[in-house]
There are 10 protein chains.
Amino acid sequence: DLSLLGKQAALPASPDEARLETVPNPHPDALYLARFVAPEFTSLCPVTGQPDFAHLVIDYAPAKLIVESKSLKLFLASFRNHGAFHEDCVVTIAKRLVAATRPRWLRIGGYWYPRGGIPIDVFYQTGEPPAGLWLPDQGVPAYRGRG
Amino acid sequence: DLSLLGKQAALPASPDEARLETVPNPHPDALYLARFVAPEFTSLCPVTGQPDFAHLVIDYAPAKLIVESKSLKLFLASFRNHGAFHEDCVVTIAKRLVAATRPRWLRIGGYWYPRGGIPIDVFYQTGEPPAGLWLPDQGVPAYRGRG
Amino acid sequence: DLSLLGKQAALPASPDEARLETVPNPHPDALYLARFVAPEFTSLCPVTGQPDFAHLVIDYAPAKLIVESKSLKLFLASFRNHGAFHEDCVVTIAKRLVAATRPRWLRIGGYWYPRGGIPIDVFYQTGEPPAGLWLPDQGVPAYRGRG
Amino acid sequence: DLSLLGKQAALPASPDEARLETVPNPHPDALYLARFVAPEFTSLCPVTGQPDFAHLVIDYAPAKLIVESKSLKLFLASFRNHGAFHEDCVVTIAKRLVAATRPRWLRIGGYWYPRGGIPIDVFYQTGEPPAGLWLPDQGVPAYRGRG
Amino acid sequence: DLSLLGKQAALPASPDEARLETVPNPHPDALYLARFVAPEFTSLCPVTGQPDFAHLVIDYAPAKLIVESKSLKLFLASFRNHGAFHEDCVVTIAKRLVAATRPRWLRIGGYWYPRGGIPIDVFYQTGEPPAGLWLPDQGVPAYRGRG
Amino acid sequence: DLSLLGKQAALPASPDEARLETVPNPHPDALYLARFVAPEFTSLCPVTGQPDFAHLVIDYAPAKLIVESKSLKLFLASFRNHGAFHEDCVVTIAKRLVAATRPRWLRIGGYWYPRGGIPIDVFYQTGEPPAGLWLPDQGVPAYRGRG
Amino acid sequence: DLSLLGKQAALPASPDEARLETVPNPHPDALYLARFVAPEFTSLCPVTGQPDFAHLVIDYAPAKLIVESKSLKLFLASFRNHGAFHEDCVVTIAKRLVAATRPRWLRIGGYWYPRGGIPIDVFYQTGEPPAGLWLPDQGVPAYRGRG
Amino acid sequence: DLSLLGKQAALPASPDEARLETVPNPHPDALYLARFVAPEFTSLCPVTGQPDFAHLVIDYAPAKLIVESKSLKLFLASFRNHGAFHEDCVVTIAKRLVAATRPRWLRIGGYWYPRGGIPIDVFYQTGEPPAGLWLPDQGVPAYRGRG
Amino acid sequence: DLSLLGKQAALPASPDEARLETVPNPHPDALYLARFVAPEFTSLCPVTGQPDFAHLVIDYAPAKLIVESKSLKLFLASFRNHGAFHEDCVVTIAKRLVAATRPRWLRIGGYWYPRGGIPIDVFYQTGEPPAGLWLPDQGVPAYRGRG
Amino acid sequence: DLSLLGKQAALPASPDEARLETVPNPHPDALYLARFVAPEFTSLCPVTGQPDFAHLVIDYAPAKLIVESKSLKLFLASFRNHGAFHEDCVVTIAKRLVAATRPRWLRIGGYWYPRGGIPIDVFYQTGEPPAGLWLPDQGVPAYRGRG
Ligand SMILES: [Ca+2]
Ligand SMILES: [Ca+2]
Ligand SMILES: [Ca+2]
Ligand SMILES: [Ca+2]
Ligand SMILES: [Ca+2]
Ligand SMILES: [Ca+2]
Ligand SMILES: [Ca+2]
Ligand SMILES: [Ca+2]
Ligand SMILES: [Ca+2]
Ligand SMILES: [Ca+2]
Ligand SMILES: [Ca+2]
Ligand SMILES: [Ca+2]
Ligand SMILES: [Ca+2]
Ligand SMILES: [Ca+2]
Ligand SMILES: [Ca+2]
Ligand SMILES: [Ca+2]
């Protein structure tokens, strides 16, 4: 029962209040990769309270469940007024997705906007990718500065 | 006997009505890769009935048969008024091509246009690529948002 | 007296509570253009409450005052939990900057992330640019979709 | 009264059945440009019945009304099973938008996918742009072929 | 009566044997631009008999007639075994199109592949563009050499 | 004895009439790769007689002989009025080069211009690359469509 | 007498200590533009003492003198430990160059690296460009953020 | 105790005087990569005293500690008036980061601006990357010269 | 009588010894632009004797004569061991072309490789372009430095 | 004793007369890669005497010595009036660098400007790269032709 897809849904107040919904994987026998790109991620700095921004790329190989994309969108949007360090955001999202979908494998690349002229990228994966999985590069260009 | 190449051909009403035609592989002894890029793929969302769009890249290593490209084009166009989830579209196309051409190996990358700000990509292959096959990256750039 | 530059400053709760600070233009005799790029703009949709994102480029020709950039950053960040239509955001920002700095001329390009597959861009200026002003194109690439 | 925004809405069967909705321009005194990019346009060839695809960029300077973007999206989607030549599609869309919104000025660039190796682009505007309107280039790159 | 569209058509042996077909302009009252990109142009050098290659971009503002695109494709392909200098190819194509369609205005950019390390581009137009015509840059990137 | 380099040479009428010339490899002891890029390849469709175009990239590791580049250019140009399928062109070129130069290894990437909206790429190699050979990606970007 | 070109020269301690050298314009009758790109500009923030970075593009139309490029390089490098606001840097450089070379016309684009997520660009020119001067766009791409 | 984050901090006079601060790794059990991009690096040539510039990309896999990013920024800025060869800069930065954070693994790519027309890049890593670490390419484009 | 085209021709020892050949303009009545791109220009620094490199783009509107491209190539190559300043090279080439072809109008953009980190571009034209001439931007990207 | 760095040095008349100077590797214990990009390489064709141009990328892992970069620049410039085939140039440079620096490993990519429409690239390395060496792709884009 999907509670969100095709309906108006309020923005969850925090990651804790957001619900990741799943549907059965239509091809549980197939080893494949699904990639979500979320260029609209924003959270707050836990020290200064200032907004942080990131471009996220989420790759996972589903097992029995796939994540319903509108619930994923709302989950990501729930970090909007949540204070957390960059590394925590990326790993927390990974853990929540793992808990909800029990995938064969997952990785998240978090590409943060620069602060003080220096951006941070965080690359996390649950372990070695499964043999035979097709795993294209995320291909996010490096930060360049100006000129 | 090719029924479609070099002739006017009506758009099939559904994937079921589309016919994938083949011709003998002119080099059945050679291990090579053929890549088709289909930037004009569109289907319908099975839940909302709204159109979905994707850019597809199909790679396969032919065995005894190669797919005739006009029949491939019409097969892909037959999803135009067909409702199916993103993952199903990609895997269904893969299965139909496997059934029609019995290739040594096949993979499909489906790069979907964003919905709710978040695009989905689906990467499927029939298994480990054959040793010695030259298999270039599909090289489709990541979704970027704006700016 | 700058209250924000070089100090820790809390995020204003709304545009109304944000204060745009100015400093004297060091070259009030010169006709020049200052451009700010704000790739981290986000507001809320007034109808659905969902977050919206935009990449903003602000160009202005200062008269007696220039805007202090940290106060500009905080002002833009104050839209974070504010509901407003795309056109209103862009024009409101323009009006606030005009009120605070009384420039010779100003324009804002607002490049919004897509919704329903279709992004909106808004291009506003206070009137014809002054003769002799050097006014480079903002050069933000068009939205492309996928592939 | 908006009948579509924030609601589930069926795909109109044809352009004639689609309804372009408007809302009052929040800044009717301001001369500004709104740009919509529609990379998901598709129609049918009236001679062969084969699908055609285009990337559309719509620029207009609103007067008293602005177009509601979800109704615009559904209007564009209504060409899906409609047969029309490239030039007709572009000009019909322009005329419908002019009739619905009575803008100060409007232009549409239609960038069609190649057929027979040669793409067509169609550039239409309602006349000379109003003086003082900021009118950035649409910036769609020329078709390149391969390599 | 179109003799070529939707039918199998032989490649004309020379430009003289090719026939440019036209159809009535569906919007003869509107001043608009149609752009064709032909990245597959090839002719022979009249001195050495070696093949030459060019990327052509054709812009014209139709009056009463528009060119039928398949006949245009065949006309361009008819230069395949025809010897002519670069400047002659571009101007001959322009003159043939002018004779066939009697446009309000026309221009052709011919971007030739390098010979001896130096490519030639030829830019021709029938005169000043009509006032009010929207005329985007052809945007073909300059030749760069290597690196 | 080179019959072609530094001399005027007629275009061979067909691949059969073209002669691939070789010179001794100046470094037969070294394992290295030579890459030729031929962006000006054209042949005819054997079914419809229409021209086809491709961008070819040829990589090989010479043994005792290297191919003389002007003879290679003329050989490739000899397909100009030759009818052959895409796969045949690529493999025929590969076989001719292998026969003429007896390389340690060879591969050809054939990147064809789109027909019916869908381009085909063909990737062939003579087998696993030799250990220790430096083999950069050919880096030809994927076909994109428009926008 | 050039004191710097082709010699070892110490870095000037401040802009005041740097000497802009000139040579006679070899073509004082010709109206032409010289452009210098200085991607290695750095100064200090006068408030915080932190380093700032910019990419500068300097365009000028020489009259009787041209600037010697090594003295220009050293002059620009002399801002390394100098505190100044962005606008002051750009205008000071402009004034120094005007004083040293008495050009027909000059402009400087200063493209600063982001601070607080928002870069500033400064565009200054000495007035309307002279009629007949060829003045290409500086073509520096807009700042993009990440993704 | 962080002495720098969220506070005004003076620029250290040399690398020796700069202090790299750390915080506990919030996920010491996870094998992940953090990437910093520092496009604003500058040092002095130890022979000529002229400024050198580089774009640095730092990748490391934290163990028990992560580096605090403001202290990293100040450490990098401390090379501003320090004379050192390119190779020394890169390796010194690596050693300082290793000493401060005791990472599982670290690498630094230093991409220097050209001198005499030839830029140098330096690629250093502490050894083979740990198995299972996700290690994207740094993706810095090669220097190109002009055109 | 062309002495160079289709023949082996020695490299002229200096610009003075090079001969620019012309042929009658096949369309002396038409106002059009011919563009040559010469990415292989090199000369010597008259002070240090070190090689300099430039990417040149030459645009001209022929009157009665057009330049024969092989003689142009040899003329440009004749600067190889010639010492001249950047500005002199560009203007000398312009004057030689004007003297040889007596064009309606001419311009040359010289884009030099960086020395000391700072490249120079030189933009010269013979005067205001003729009215009605189509004159696309040369589109050479600005120098960027690294990263 | 460096004879060239920081001094005026004449251009060597040939590769034989050029001297590659070295300095001790400051980190002989570390396995790292140094990359030089030389976009200004030119030699002469040994058959026709015409200039050839290449963009070279040199990667090596130093052992006890590193090459002094100014001597490298002069060595490369010494090919200016030297006749040699493309393959010979690349391998000769490699051998000279190996002889002078005795590196752990070396490779050179030579990317030549097109002749007859077809460029040649040469990829040479001294053998398998050492285990644990970080070896980024050289990333030089493929030649594209026009359009
Ligand atoms: Ca920043
Ligand atoms: Ca820069
Ligand atoms: Ca953005
Ligand atoms: Ca969307
Ligand atoms: Ca697409
Ligand atoms: Ca086509
Ligand atoms: Ca091509
Ligand atoms: Ca180059
Ligand atoms: Ca097509
Ligand atoms: Ca598109
Ligand atoms: Ca982004
Ligand atoms: Ca330099
Ligand atoms: Ca170049
Ligand atoms: Ca940089
Ligand atoms: Ca060539
Ligand atoms: Ca092309």
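Residues numbered from 1 in each chain as written. Chains lettered and ligands numbered in written order. Predicted model: local features only at pLDDT ≥ 70, side-chain atom pairs only at ≥ 80, totals over all residues. Heavy atoms only, no water.

Counting its secondary structure elements, chain A contains 2 helices and 6 strands. Walking chain A from its N terminus toward its C terminus, one meets helices and strands in the order β-β-β-β-α-α-β-β. For chain A, the C-alpha radius of gyration of 16 Å lies close to 15 Å, the compact-globule estimate for 147 residues. Oriented by its inertia axes, the alpha-carbon framework of chain A measures out at about 45 × 35 × 25 Å. When each of the 147 residues of chain A is scored for burial, the buried share is 63%. In chain A, the proportion of contacts linking residues at least 24 apart, taken out of those at least 6 apart, comes to 69%. Summed over all atoms, the accessible surface of chain A reaches about 4,900 Å², with 53% contributed by carbon and sulfur. Distance from the positive charge centre (15 side chains) to the negative charge centre (14 side chains) of chain A: 3 Å. (Helix = DSSP H or I, 4+ residues; strand = E, 2+ residues; numbered from the N terminus. Rg over C-alpha atoms; globule rule 2.2 N^0.38 Å. Buried < 20%, exposed > 50% of the residue type's maximum accessible area, 1.4 Å probe, protein only. Contact = heavy atoms within 4.5 Å. Areas by Shrake-Rupley, 256 points an atom, 1.4 Å probe, with all protein chains shown as cover. Lys, Arg positive; Asp, Glu negative; His and termini not counted. Charge placed at Lys NZ, Arg CZ, Asp CG, Glu CD.)

This part takes up the relation of the copies chain J and chain H. Once chain J has been moved 0.1 Å along the axis and rotated by 72°, it coincides with chain H to within an RMSD of 0.0 Å. What the rotation and shift describe, once combined, is the action of a five-fold rotation axis. Little of the interface of chain J is mirrored in chain H: 4% of its interface residues are interface residues there too. (Least-squares fit on C-alpha atoms with pLDDT ≥ 70 in both.)

Donor atoms from the polypeptide that coordinate the calcium ion (ligand 11) comprise Tyr-113 of chain A (OH) and Arg-146 of chain G (O), at 2.3 to 2.8 Å from the metal. Between the calcium ion (ligand 11) and the calcium ion (ligand 3) the interatomic distance comes to 3.4 Å. Of this pair, Tyr-113 of chain A sits in the loop between strand E5 (105-112) and strand E6 (120-125) while Arg-146 of chain G is found in the segment after strand E6 (120-125), placing the two residues in two different chains. (Donors = N, O, S within 2.8 Å, 3.2 Å for Na, K, Ca; no water.)

Residues and elements named next belong to chain F. Across the 6 residues of strand E6 (residues 120-125), 6 count as buried, placing the element largely inside the fold. The alternating pattern of E6 places Ile-120, Val-122 and Tyr-124 and Asp-121, Phe-123 and Gln-125 on opposite faces, both of which are buried. Bridge count between strand E5 (residues 105-112) and E6: 5 bridges; the pairing is antiparallel. If you follow Ile-108 over to E6, its bridge partner there is Tyr-124. (Pairing = 2+ DSSP bridges.)

Our focus in this paragraph is the interface of chain J and chain H. Tallying the contact residues gives 25 residues for chain J and 24 residues for chain H. Counting the surface lost from both chain J and chain H, the interface buries some 2,200 Å², and carbon and sulfur atoms represent 66% of this. It is His-27, Val-37 and Trp-134 of chain J that lose the most area in chain J upon contact with chain H, and together they represent 31% of the buried surface on that side. Between chain J and chain H we count 0 salt bridges in total. Joining chain J to chain H, the criterion identifies 7 residue pairs in polar contact (both at pLDDT 80 or more). For the side of chain J that touches chain H, the secondary structure elements donating two or more residues are strand E2 (32-44) and helix H1 (69-77) of chain J. In terms of residues, the side of chain J that touches chain H owes the most to one element, E2 of chain J, which gives 9 residues. (Buried area = accessible area lost by both parts, 1.4 Å probe. Salt bridge = Lys/Arg side-chain N within 4 Å of Asp/Glu carboxyl O. Polar contact = N/O pair within 3.5 Å; in protein donor to acceptor, adjacent residues only side chain to side chain.)

Taken as a whole and judged by the stated rule, the model has 75 aromatic pairs over all chains. Note on Phe-41 of chain D and Phe-79 of chain D: the rings are 5.2 Å apart at their centroids and 50° apart in plane angle, and the pair reads as tilted. Here Phe-79 of chain D lies in the loop between helix H1 (69-77) and helix H2 (86-101) and Phe-41 of chain D lies in strand E2 (residues 32-44), a separation of 38 residues in the sequence. Like Phe-79 of chain D, Phe-41 of chain D is buried. Between Phe-123 of chain D and Trp-134 of chain E the ring centres are 5.1 Å apart and the planes differ by 80°, which places this aromatic pair in the edge-to-face class. Of this pair, Phe-123 of chain D sits in strand E6 (residues 120-125) while Trp-134 of chain E sits in the segment after strand E6 (120-125), which puts the two residues in different chains. Members of the aromatic cluster, connected to one another through ring pairs, are Phe-41, Phe-75, Phe-79 and Trp-112 of chain A. (Phe/Tyr/Trp six-rings, centres within 6.5 Å; stacked < 30°, edge-to-face > 60°.)

All names here are of chain A. Notably, Arg-102 is not glycine yet its phi reads approximately 45°, a positive angle. For Arg-102, the position within the fold is in the loop between helix H2 (86-101) and E5. For Arg-102, a relative accessible area of 57% puts it in the exposed group.

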